[in-house]
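Chain by chain, the residues:
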Amino acid sequence: MSKIYNVGVIGGGVSGVVIALELAKYGIENILFEKKESVVNSSPFCHLHAGGNLYPDISTEQCKVLMKQSIDMARLFPQSIDQRPTFISIPKTETYKIKDLQDRLVVLVDYYKTLIKEDPKNEILGAPEEYYNTYNKEDLEHLAKQEAVKTPKTANQWMTNALKLVDYKQLKTPVILVQEYGWNLFRLGAQAQLALTKTPQCNLQLNTNVSKIEDVRHLNLDYNWKIHTKNNIYNIKYLVNSCGFKTGKIDEALNLNVKRLIEFKAAYVSKWQPIDGPIPELIFHGKRGTPNGMVQLTPYCNDYYQIHGMTKDITLFDNGLIQSKNNQAQPKFNEAINDRIESGWKKNDIEERTQNAINLVTKFVPTFKSATLGSAPLYGAQQIPGDDPILRVGEVSFPSKFYARSEIIKASSALTVANQIITKIQEEHIIPKIKTVLTKNDILNSIPKESINTLSSELAIQRQYPEALAKLVIDRD
Ligand SMILES: Cc1cc2nc3c(=O)[nH]c(=O)nc-3n(C[C@H](O)[C@H](O)[C@H](O)COP(=O)(O)OP(=O)(O)OC[C@H]3O[C@@H](n4cnc5c(N)ncnc54)[C@H](O)[C@@H]3O)c2cc1C
C-alpha cells in the first residue's frame, strides 16, 4: 500500500515552506510540492513590514498585525534580516500628512513594548524608544553638514548618510527614520530549502507540478485526497493550498468559487556609483497609481539598489490588478502580463522600465541619475483575498473539511498561517493534540550560516541575478 501523508502542501513559496517546516518541527509527516527547481522562487520580497510604515492608507490595526507577524518571521529566519533602518518622507507636493504617520508610530511603540513584555525575545527591532526618530528642518540641516559614516550604528549616523544624497528641501518635515529592516528572499529560501532537505519529516518534491487533485473524502478511506503529479499519485489526509496567486486554480479543481484579487508587480535592479557609507532604505510617499506614486529605494551589497515606483510605467501595470469573475476562482492576467510571468521579460522592456525607475528616484536623489541597469527585475504576483485592494494582511481560510487555503498578502504572515493550520489539523483529528507548544524551530536553527551563504549565492546566480543580492548589507553573526 502506498504511504499516507498527514499533510500535503502544494506550493513552495514562503507560505508553503514555513507550513512544511512548522509541521516537521512537531514531527508531523508532510509532503511539499513545488513546480520550480528551488523554493521561495516566485513572488519576491525585500522589506520586513514591521509596522506597515510603507502604507499610509492602511488601518493602525493592520500596522500592528504586520509588526507582530514580522517579528515572528524575523525570529524564525534571522539570517535573512538586513538590520538597516528605513527613511520615511512625504514630498511637499503630496497631500499625506506627517502627523498621521506620527500618530500611528506612537501607537506602534506602545504595542512593541507590549510584545516585548510578553516575550523579551521579541525585541528584535531595537529598543522601543528607538523604534523611530523624527528630524525637523534644523536637525536635517545640521546632520547634512556632518561627515558620512562608514559603519553607521546610530539613527543619526544613518540619517547623515541619507542626507548626503537626498534633496531634503523637497520634503515635508519632520522626516522619519524607522526600524523597518530589509528582508532577503534568497537567504530565507536557502535556509528553508536546506532545512526541508535535512528533515525526514518532510518529503520535498522540487520540479513537481501538481496536475490534478482527487477528492476522496466521501469514500471513508484512511486518506482524503489523491494528489496527482506527472509521475506519481500521493495519498494525503489534509490538503494545504499555498499556490500564491494561483490558489484559485486548486479552488476551481475543487469546484469552489471564491472572490479574490491578484496583482502583478515588479521591482528593478540598478547599479550605482560607490558612496561613502551605507544608506537606509529610502521611501518618498506618493499616491499609488499616479505619476507621483511612492518611490522605494532598497540598498543591497556591492552598490546594487532595487527600485519600486508605484506608477503604471514602473512597478504597476495596466490591468495588473484583476479580480475573479463569476464562476471563476482564478483571475486571469492578459497575454502581456502572462508572457512576463511565464517566459521572462523582453530586453527593451527591462531597459525602459528600469530607466523609468531610475528617473523617478532621481527626482529626490539627484546623483542617482548616474545609476545603470543592474539585472533583470524581480517580479511576481500576489493574491489579495476578497475585494479590498489596499488590504495588506491576509491569513488562511478553511473552505471545507480537510482543506486549508493560505491567503497571505505579505510574506510576514507565513508563520501565523502555519500556526493556524496546525491548530486546525488537531481540531479535525488529523494528529493528536500537541502537548507542548515549541517556540523555536530546531530544524531551521541547525542550518549553519556558511551553508546559507553558499546556497543563497547559488540561488541568486541560478535565477540570473547578481550574487550580491544574496548578501546582507549589515552582516550578522
Ligand atoms: C514585486 C513584489 C514585491 C513584494 N515585496 C514584498 C515585501 O517587500 N515584503 C513582503 O512581506 N511581501 C512582499 N511581497 C508579497 C510577497 O511576495 C508574497 O506575500 C509572498 O511571496 C506570497 O507567498 P506565497 O508562498 O503565498 O506565494 P508564492 O510566493 O507565489 O508561492 C507559491 C508557489 O506555489 C507554486 N505553485 C503554484 N501552483 C503549483 C502547482 N500546481 N504545483 C506545484 N507548485 C505550484 C509556485 O511555483 C510558487 O513557488 C511582494 C510581492 C511582489 C509581487
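For the structure, check the block above.
Residues numbered from 1 in each chain as written. Predicted model: local features only at pLDDT ≥ 70, side-chain atom pairs only at ≥ 80, totals over all residues. Heavy atoms only, no water.

Participant: Can you walk me through the pattern of salt bridges in this structure?
Facilitator: Where charged atoms of side chains with opposite charge meet at close range, the side chains can pair. In total, this model carries 22 salt bridges according to the counting rule given. A salt bridge links K424 to E427; the shortest N-O distance between them is 3.9 Å. Of this pair, K424 and E427 both sit in helix α10 (residues 414-427), 3 residues apart, which is roughly one turn of the helix. A cluster of three or more residues bridged by salt bridges with shared partners is formed by D251, R260, R405 and E407. (Salt bridge = Lys/Arg side-chain N within 4 Å of Asp/Glu carboxyl O. Helix = DSSP H or I, 4+ residues; strand = E, 2+ residues; numbered from the N terminus.)

Participant: Explain the site of the ligand to me, please; I cannot follow it from the model alone.
Facilitator: The local shell around the ligand holds 34 residues, among which E34, S43, P44, H47 and I409 are the closest. A distance of 2.6 Å separates an oxygen atom of the ligand from a polar backbone atom of I409. Backbone polar atom of A411 to an oxygen atom of the ligand: 2.9 Å apart, as the coordinates give it. Relative to its free-state accessible area of 1000 Å², the ligand is covered by the protein chains to the extent of 96%. (Near = heavy atom within 4 Å. Polar contact = N/O pair within 3.5 Å; in protein donor to acceptor, adjacent residues only side chain to side chain. Areas by Shrake-Rupley, 256 points an atom, 1.4 Å probe, with all protein chains shown as cover.)

Participant: When you look at the packing of aromatic side chains in this model, what are you seeing that I'm missing?
Facilitator: The description of two aromatic rings rests on the distance between their centres and on the angle between their planes. For the structure on display, the rule yields 18 aromatic pairs. On the numbers, 6.1 Å between centres and 55 degrees between planes, the contact of F264 with Y379 is tilted. You can see F264 sitting in strand β12 (residues 260-271) and its partner Y379 sitting in strand β17 (residues 372-385), a full 115 residues away along the chain. For F264, a relative accessible area of 1% translates into the label buried. (Phe/Tyr/Trp six-rings, centres within 6.5 Å; stacked < 30°, edge-to-face > 60°. Buried < 20%, exposed > 50% of the residue type's maximum accessible area, 1.4 Å probe, protein only.)

Participant: What is the right way to look at the packing of helix α1 (residues 14-25) against helix α6 (residues 185-198) in this model?
Facilitator: Contact pair α1 / α6: the axes reach a minimum separation of 10 Å and the direction vectors enclose 35 degrees. The chirality of how α1 crosses α6 is left-handed. Two secondary-structure elements touch here, α1 through V14, V17, A20 and L21 and α6 through L188, A192, A195 and L196. Class assignment for the residues of the contact of α1 with α6 results in 8 nonpolar, no polar and no charged. (Axes fitted to C-alpha atoms, helices over the stretch in contact; angles between N-to-C directions. Left-handed = near helix turned anticlockwise from the far one by under 90°. Contact = heavy atoms within 4.5 Å. Nonpolar A, V, L, I, M, F, W, Y, C, P; charged D, E, K, R; others polar.)

Participant: Mind showing me how you'd approach the side chain of S80 here?
Facilitator: Among the structural elements, S80 can be located in the loop between α2 (60-76) and β3 (81-82). Within the local environment of S80, its side chain forms a polar contact with the side chain of W183, the two groups lying 3.0 Å apart.

Participant: I would appreciate a short explanation of the side chain of T354 in the present structure.
Facilitator: Along the chain, the position of T354 falls in helix α9 (residues 347-362). Not counting the four nearest positions on each side in its chain, T354 is found in contact with Y268, V269 and L373.

Participant: Is there a simple way to explain the nonpolar core in this structure?
Facilitator: In summary, soluble globular proteins display a tendency toward joint burial of nonpolar side chains. Judged by nonpolar contacts, the single largest core of 109 residues is most densely connected at V18, M73 and Y131. Residues within four places of V18 in sequence aside, it is in contact with M73, L76, F77, A414, L415 and A418. Within the second largest apolar cluster, 44 residues are counted, among which are L163, F245, I262 and A381. (Core = buried A, V, L, I, M, F, W, Y, C linked by side-chain atoms within 4.5 Å.)

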